[in-house]
Amino acid sequence: MEDPELITQAIANNVRAQRAHRGLTLDALAARSGVSRGMLVQVEQGRTNPSVSTLTRIASALGVTVARLVEVSDVPMVRVVDKADVVTFRQGGGEAKLLVGADMPVIMELWEWRLVPGEHHDGDAHTPGTREMLTVLDGELTLSVHGRSHVIGQGDAVLFTADRPHRYANAGPADLRFVMVVAEPRETQDQ
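Residue positions within a chain follow its written sequence, with the count starting from 1. Local features in this predicted model are restricted to residues whose pLDDT is 70 or higher, and side-chain atom pairs enter the listing and the counts only when it is 80 or higher, whereas totals over whole chains, interfaces and linings include all residues. Side-chain calculation: all heavy atoms of the structure are included, whereas hydrogens and water are not.

Enquirer: Is there a simple way to explain the overall build of the protein chain in this structure?
Expert: A tally of regular secondary structure across the protein chain gives five helices and ten strands. For the radius of gyration, the atoms used are the C-alpha atoms, and the globule rule reads 2.2 Å times the number of residues raised to 0.38. For a compact globule of 191 residues, the expected C-alpha radius of gyration is about 16 Å, and the protein chain comes in at 16 Å, within 12% of that figure. Based on the C-alpha atoms only, the size of the protein chain along its principal axes is roughly 45 × 35 × 35 Å. Every residue pair with non-hydrogen atoms within 4.5 Å of one another is taken to be in contact. Contacts in the protein chain between residues far apart in sequence, at least 24 positions, make up 65% of those at least 6 positions apart. Each accessible area is a Shrake-Rupley result for a 1.4 Å probe, and residues are judged covered by the shown protein chains and nothing else. Carbon and sulfur atoms make up 53% of the accessible area of the protein chain, which amounts to about 9,900 Å² in all. For the purpose of charge, His is not counted, nor are the chain termini; Lys and Arg are scored as positive and Asp and Glu as negative. Here the site of a charge means NZ on Lys, CZ on Arg, CG on Asp, or CD on Glu. For the protein chain, the centre of its 19 positive side-chain charges and the centre of its 25 negative side-chain charges are spaced 4 Å apart. Working definition: helices are DSSP H or I runs of at least four residues, strands are E runs of at least two. Numbering for both runs from the N terminus.

Enquirer: Can you walk me through the packing of aromatic side chains in this structure?
Expert: Any aromatic ring pair is given by two values, namely how distant the centres are and how the planes are angled relative to each other. Only centres within 6.5 Å qualify two rings of Phe, Tyr or Trp (six-membered ring in Trp) as a pair; their planes then separate them into stacked at under 30 degrees, edge-to-face at over 60, and tilted for everything else. Overall, the coordinates contain five aromatic pairs when judged by the stated rule. Here the aromatic rings of tryptophan 113 and phenylalanine 178 are separated by 6.1 Å at their centres, their planes lie at 5°, and the arrangement is stacked. Remark: phenylalanine 178 occurs in strand 10 (residues 176–184) and tryptophan 113 occurs in strand 3 (residues 107–115); sequence separation between them is 65 residues. Like tryptophan 113, the residue phenylalanine 178 is buried in the burial classification. Both rings, one in tyrosine 168 and one in phenylalanine 178, keep their centres 5.6 Å apart while their planes meet at 35°; by these two values the pair is tilted. A residue pair is termed long-range when its members are at least 10 positions apart, and tyrosine 168 in strand 9 (residues 166–169) and phenylalanine 178 in strand 10 qualify at ten residues. Summary of the burial criterion: residues with accessible area below 20% of their type's maximum are buried, those above 50% are exposed, and those between are partly exposed, where the area comes from a 1.4 Å probe applied to protein chains only.

Enquirer: I'm lost on the domain arrangement of the protein chain in this one. Help?
Expert: Throughout the structure description, domain borders are defined by an automatic or database domain assignment. Entries for the protein chain in the domain assignment read domain 1 (4–70) and domain 2 (83–185). Summarising the inter-unit geometry, the C-alpha centres of domain 1 and domain 2 are found 21 Å apart. Taken together, the 15 residues of domain 1 in the interface contact 17 residues of domain 2. Salt bridge, as applied in this entry: a Lys or Arg side-chain nitrogen positioned within 4 Å of an Asp or Glu carboxyl oxygen. Across the pair arginine 57 and aspartate 124 runs a salt bridge whose closest N-O atoms are separated by 3.1 Å. Each polar contact in these results corresponds to two N or O atoms within 3.5 Å; when the atoms are within protein, one needs to be able to donate a hydrogen and the other to accept it, and residues that are neighboring in sequence are counted only if both atoms are side-chain atoms. In this assembly, domain 1 and domain 2 are joined by three residue pairs in polar contact (both at pLDDT 80 or more). For the side of domain 1 that touches domain 2, the secondary structure elements donating two or more residues are helix 4 (52–62) and helix 5 (66–70).

Enquirer: Is there a simple way to think about the sheet that holds strand 7 (residues 148–152) in this case?
Expert: Each strand in a sheet pairs with another by means of backbone hydrogen bonds, the pair being arranged parallel or else antiparallel. Strands are labelled as partners when DSSP assigns at least two bridges between them. Reading across from one edge, 4-9-6-7 is the order of the four strands in this open sheet, with antiparallel pairing throughout. The open sheet has two edge strands with one neighbour each: strand 4 (120–123) and strand 7. Going from strand to strand, the sheet's axes swing by 20° on average, the running direction of each strand aside. As paired elements, strand 4 and strand 9 share four bridges and run antiparallel to each other. Its bridge partner lying in strand 9, aspartate 122 is registered against arginine 167. Only the stretch in contact is used when a helix axis is fitted, and all axes are lines through C-alpha atoms; the angle between N-to-C directions ranges over 0 to 180 degrees.

Enquirer: What should I look at first to understand the nonpolar core in this one?
Expert: In globular proteins that are soluble, nonpolar side chains generally tend to be buried together. For the purposes of this section, nonpolar cores are sets of buried Ala, Val, Leu, Ile, Met, Phe, Trp, Tyr and Cys residues that join through side-chain atoms within 4.5 Å. Val70, Phe89, Trp111, Leu134, Leu141, Tyr168 and Phe178 are the most contacted members of the largest nonpolar core, which has 43 residues in total. The greatest single-element share of this core, amounting to six residues, is contributed by helix 4. Structurally, this core is a two-domain feature, drawing no fewer than three residues from each of domain 1 (4–70) and domain 2 (83–185). Residue contacts for tyrosine 168: discarding those within four places in its chain leaves Leu115, Glu119, His120, His121, Glu132, Leu134, Leu141, Thr142, Leu143, Phe160, Phe178 and Met180.

Enquirer: Teacher, can you tell me more about the packing of helix 1 (residues 4–21) against helix 4 here?
Expert: For any two helices packed against each other, one specifies the crossing angle of their axes together with the interaxial distance. Between helix 1 and helix 4, the least distance of the axes is 10 Å, while the angle of their chain directions is 25°. What the angle tells us is that helix 1 and helix 4 run roughly parallel. For helix 1 against helix 4, the interelement crossing comes out left-handed. Contacts between helix 1 and helix 4 involve Ile11, Val15, Gln18 and Arg19 from the former and Leu55, Ile58 and Leu62 from the latter. Just so you know how the angles are binned, under 35 degrees is roughly parallel, over 145 roughly antiparallel, 65 to 115 roughly perpendicular, and the rest oblique. Left-handed is the label given to a crossing in which the near helix is rotated counterclockwise from the far helix by less than a right angle, and right-handed is the label when the rotation is clockwise.

Put into C-alpha cells, the structure is as follows:
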C-alpha cells in the first residue's frame, strides 16, 4: 500500500523541480494551469493532497505526466510498478489508479478506474491532439464528449479526442471498471 505522506512529498518535490527546470514562477504556472497560486504553494509545500483534476492541470502545464508528478524515485530504463506502489486517487465510492506513465517521447498514462453506480468524473480538456482509449472491464460506461453521450459495454473499447471537456459516468446498477490510456503530444512551444 502506498504511503500517502510519501506521495504528497513526492508531488511537492516533483512539481517544484519541474517548475524550476522550466524557469516558471508560481504566477506563471498558475496562469498556464488554471490552478490558483495559493493551491500551488500548498502543493509545493506538501500541505495538501491535490485532486486528480488539479494534478492533471499542473502536469499538462508543465508538459509532463501525472505519473511524473507522483513518482517517488528516479525511473530506470525498465520500470516494473509493483501493485503496492500504484498511486490511487479516491473520490466518492470510486477510485482512479495511475498504473504507469511516461513523458518521452509522448506523454502517456495508463489508468484503471472504478466508479460506483450513479458516480461520474468530469475530465478537463487536455492539450490539442490528446487522445484517450479505453476498454470496459466490468459494467457499462456512459462517455460524454462534446455534448454527445456514448454507451460502452463490458468488453467494448472506445477511442476519442480528449482536447475538450468529457465525462465518464456509471448510470448502471453495478460497479464500473475500465482501463484507459491517455496519449498527449508534447508541447512544441518553448517551455
